[in-house]
Amino acid sequence: MDPQQTAEVLGALERRLTSLEQTVLQLIEGPAAPYLVLTYPEPIATSLAREQSAAHYHEKFFSLLDVGETSVRYIAALVLAVLCDGASPPIPLRLMGAPISLGSWAGLVAESSESLRASRSEFAEHVTTGLFRSSGKPTPANRLLLSEFVNLRNRERGHGSARPEGVYEGLYRRHVSEIHDSLKSLPFLNLPLVRVEQINFAGGTIQYDLKVLMGPSPMGRIETARCSKQVSRGETCLWDWGEELLALDGLLSYVVCDECGAEHTFFLDQATTKAAHYYTYSTNHRIERPPIH
Ligand SMILES: [Zn+2]
């Protein structure tokens, strides 16, 4: 390469580096929104993205309620998956039958403190760290999301008629920081949610191709993990970036929607002896699957 070509290549590289540097700085220092959204699992990230892009305060506020609700249900799914450890059904028998309320999901997390701390699993440790102090008392994020937020949501969703935009602006401004701050203080929310796409057996180990379900509308990024535990193809799991997968066992599934054909994260809503009913916050669609026990 002659000196002039070298100089051109170096110049092009320098421009590329400068632009990359600017992008990184914008992500770190700029509005927290895009950075915040991309590091959360799909159902929470989708609600956060909607909250942050909404043009009107009533939309922002109701999307913020979705952020809180998806977080409570996501946390409950993780806690139950850790505690049931493959046993079925993954929910207590008293919750079989009727639709399960947000308060019931939150209650399950609140009463899990001792069992979580007694569990030896790695995921139990991850979840306990964000939710409970070493004394077993709830952390501030736990109190806010699983108690105060549930009351706020029940009060505001139950409000029959629409109110002036200024009321929603007030509600949104009053609650947005505490909800965002609570999410930020729960490190296990940044562990990747994944779906097992392919299982390869090689030399006595099992290798999983995992679709990463982080951020709104996951783009199909695939990571590979070696793991000794058997997990079925199509199962939605939490992954520790290493060798551990926690199967979410029908509590939460990222699947193709029967109503619109797109993929969403569905939360278990109601489990009867005949069927399991699921709901997604991203489109309010519902699906039915065989019973979970
Ligand atoms: Zn759908």
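Here the structure is a predicted model, which means the values were calculated and not measured.

Participant: How should I be thinking about the overall build of the protein chain in this particular structure?
Facilitator: Each helix and strand in the protein chain was counted, giving nine helices and nine strands. For the protein chain, the spread of C-alpha atoms along the principal axes amounts to about 80 × 60 × 45 Å. Here the protein chain holds 293 residues, and the buried ones make up 36% of them. Relative to all contacts within the protein chain whose residues are 6 or more apart in sequence, the contacts with residues 24 or more apart total 53%.

Participant: Before we go on, may I ask you to explain helix 4 (residues 57-84) in this structure?
Facilitator: In an α-helix, one turn spans 3.6 residues; hence positions three or four apart end up facing the same way. Its 28 residues place the ends of helix 4 40 Å apart at the C-alpha level, agreeing with the 40 Å of an ideal helix rising 1.5 Å per residue. Count one or two residues on from helix 4 and you reach Asp85, which has phi positive near 45°.

Participant: Would you mind showing me how to read the pairing of strand 6 (residues 252-256) here?
Facilitator: Taken residue by residue, a regular strand's side chains alternate between the two faces of the sheet. When strand 6 meets strand 7 (residues 263-271), the two strands line up antiparallel, connected through five bridges. Counted as the bridge partner of Val255 is His264 from strand 7. A loop of six residues connects strand 6 with strand 7, the two strands running antiparallel in sequence, and Gly261 in this loop sits at a positive phi of about 80°.

Participant: How should the sheet that holds strand 4 (residues 236-239) be read in this particular structure?
Facilitator: Backbone hydrogen bonds hold the strands of a sheet together, and the pairing may be parallel or antiparallel. Taken together, the five strands give an open sheet; going across it, the order is 3-2-1-4-5, and neighbouring strands pair in antiparallel fashion. At either margin of the open sheet sits one strand with a lone partner, and together these are strand 3 (222-227) and strand 5 (245-247). Taking each pair of neighbouring strands and ignoring which way they run, the sheet shows an average axis angle of 45°. Direction of pairing for strand 1 (residues 193-202) relative to strand 4: antiparallel, over a ladder of three bridges. Opposite Arg195, over in strand 4, you have Thr236 as the bridge partner.

Participant: How do you make sense of the packing of helix 4 against helix 9 (residues 165-184) when you look at a structure like this?
Facilitator: Orientation of helix 4 relative to helix 9, taken along the N-to-C sense of each, is 30°, at an axis distance of 8 Å. Classified by the interaxial angle, the pair formed by helix 4 and helix 9 is roughly parallel. The crossing of helix 4 and helix 9 is left-handed. Across the interface between the two elements, Tyr57, His58, Lys60, Phe61, Leu64, Val67, Gly68 and Ser71 of helix 4 pack against Glu165, Tyr168, Glu169, Leu171, Tyr172, His175, Val176, Ile179 and Leu183 of helix 9. Considered class by class, the residues forming the contact of helix 4 with helix 9 number ten nonpolar, four polar and three charged.

Participant: Got a minute to help me understand the confidence of the model for the protein chain in this structure?
Facilitator: Where the model shows low pLDDT, its predicted coordinates should not be examined in detail. When pLDDT is averaged across the protein chain, the result is 89; 92% of the residues are at 70 or more. Note that pLDDT drops below 50 for residues 28-32; the model gives that stretch zero contacts with residues more than four away or on any other chain.

Participant: Just to check I follow, could you spell out the domain arrangement of the protein chain for this structure?
Facilitator: For interface size, the figure often reported is the accessible area lost on association. Domain boundaries in the protein chain define domain 1 (3-30), domain 2 (44-190) and domain 3 (193-289). For domain 2 versus domain 3, the distance between C-alpha centres works out to 20 Å. Between domain 2 and domain 3, the residue contacts involve 25 residues of the former and 20 residues of the latter. Every element with two or more residues in the side of domain 2 that touches domain 3 is listed here: helix 3 (42-53), helix 4 and helix 7 (122-131). Per-element tally for the side of domain 2 that touches domain 3: the top contributor is helix 4, with eleven residues. A per-class count over the side of domain 2 that touches domain 3 returns 17 nonpolar, four polar and four charged.

Cut-offs and rules
- Residues numbered from 1 in each chain as written.
- Predicted model: local features only at pLDDT ≥ 70, side-chain atom pairs only at ≥ 80, totals over all residues.
- Helix = DSSP H or I, 4+ residues; strand = E, 2+ residues; numbered from the N terminus.
- Buried ≥ 20, exposed ≤ 12 C-beta atoms within 10 Å, placed from the backbone.
- Contact = placed C-beta atoms within 7 Å.
- Expected span 1.5 Å × (residues − 1).
- Pairing = 2+ DSSP bridges.
- Axes fitted to C-alpha atoms, helices over the stretch in contact; angles between N-to-C directions.
- Parallel < 35°, antiparallel > 145°, perpendicular 65-115°, else oblique.
- Left-handed = near helix turned anticlockwise from the far one by under 90°.
- Nonpolar A, V, L, I, M, F, W, Y, C, P; charged D, E, K, R; others polar.
- pLDDT = per-residue confidence, 0-100.
- Domains from an automatic or database assignment.

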